[in-house]
Amino acid sequence: MMNKGKLIIISGPSGAGKGTVLAELLRRKPQLKVSVSATTRAPRPGEEHGIHYYFITHKEFEEKIARGDMLEYATYCDNYYGTPADYVEEQRLKGNDIVLEIEPCGARQVKKKCPDAMMIFILPPNIDVLEARLRGRGTETSPVVAARIEQAKKEIANSGDYEYTVINDTVERAADEIEKIINQ
Ligand code: ADP
Ligand code: 5GP
């Protein structure tokens, strides 16, 4: 029987550069699959339904939870985020490696259900750089940035149970490190 694909979890505070590093990783390894999450937050300019997220209502999200459609879910800064279970399992059974870019509460739920999942935490060089990146991205209002920084401090303080920690100083170097972890 074909080996099951690897399940790779990438977490880390908002603004650490998860999306940017993942894009570089996909450029290098185009065969990697990425899970598209569902969320109740509003789309940012340029974000598309079914590509960046499935943008659904609170009610729809709770119906999915009740049906058991979610591999994991969490509330992050007042919105629901979750991973649809079917796609992940489908891809793994086909032997494809799949990446989940999710926050730590969800990551821990996945690790419980799938102990073979690889957990990677992406860190910024320091908290000031994180704030500068988050503000520089320009996608959130000032109060939302402040809430995300508070959340980031908690996530970093609790990241001790991650198997791998990668500092995103440069995108190239962080992607190198993640590539090595995945290929091992
Ligand atoms: P996340 O997905 O973790 O929230 P993003 O990938 O959106 O973070 O990155 C946040 C901002 O920081 C973006 O504007 C991105 O261009 C920038 N950024 C990401 N990685 C780096 C890096 N290594 N050096 C400088 N800027 C970066
Ligand atoms: P953003 O609003 O910046 O896209 O994402 C906010 C946070 O939610 C990030 O930490 C991101 O990794 C996380 N996130 C995105 N999708 C999921 C998901 O499906 N499940 C969980 N638990 N977190 C997610």
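Refer to the structure presented above.
Everything quoted here is computed from the prediction, not taken from an experiment.

## Quick word on helix α6 (residues 142–157)
Point 1. Compared with the 22 Å implied by 1.5 Å per residue over 16 residues, the 23 Å span of α6 between its first and last C-alpha is a close match.
Point 2. If you check which residues of α6 are buried, you get Val145, Arg148, Ile149, Ala152 and Glu155. In a view along the axis of α6, the buried residues occupy a sector of 125°, so they form one face of it. Seen from the open side of α6, the exposed residues pointing more than 90 degrees away from its buried face are Pro143, Lys154 and Ala157.
Point 3. Residues of α6 that are buried sit in contact with β5 (70–76), β6 (79–84), α4 (104–113), β8 (118–123) and α5 (127–137).

## Here's the deal with the layout of surface pockets
Point 1. Computed from the structure, the largest pocket encloses a volume of approximately 1,000 Å³.
Point 2. Taken together, 36 residues make up the lining of the largest pocket; nearest its centre are Lys18, Gly19, Arg44, Tyr53 and Glu101.
Point 3. Elements supplying a minimum of two residues to the lining of the largest pocket: α1 (18–28), β5, β6, α5 and α6.
Point 4. The greatest single-element share of the lining of the largest pocket, amounting to 5 residues, is contributed by α1.
Point 5. For the lining of the largest pocket, a count of residues per class yields 13 nonpolar, 12 polar and 11 charged.

Cut-offs and rules
- Along each chain, numbering runs from 1 in the same order as the chain's sequence is written.
- Following the order in which they are written, the chains are lettered starting with A and the ligands numbered starting with 1.
- Only residues with pLDDT of at least 70 are given local features in this predicted model, and only at 80 or more are side-chain atom pairs given and counted; all residues enter the totals for whole chains, interfaces and linings.
- To get the side-chain values, all heavy atoms of the structure are used, and hydrogens and water are removed first.
- A run of H or I in DSSP becomes a helix once it reaches four residues, and a run of E becomes a strand once it reaches two; helices and strands are each numbered from the N terminus.
- Each helix should span, by expectation, one fewer than its residue count multiplied by 1.5 Å.
- Remark: exposure states derive from per-residue accessible area (1.4 Å probe, protein chains only) relative to the maximum for the residue type, with buried under 20%, exposed over 50%, and partly exposed in between.
- Working note: the arc is built from the helix axis to C-beta atom directions.
- Contact between two residues is taken to exist if any of their heavy atoms lie within 4.5 Å; hydrogens are not considered.
- Using only the protein atoms, space was sampled on a 1 Å grid; points where a 1.4 Å probe fits but cannot get out form cavities, open sets with protein on both sides within 12 Å along at least five of seven lines form pockets, and lining residues are those with an atom within 4 Å of a point.
- Grid points are joined across faces, edges and corners, and a volume is the space filled by probe spheres set on the points.
- The nonpolar class holds Ala, Val, Leu, Ile, Met, Phe, Trp, Tyr, Cys and Pro. Asp, Glu, Lys and Arg form the charged class, and all remaining residues, Gly among them, are polar.

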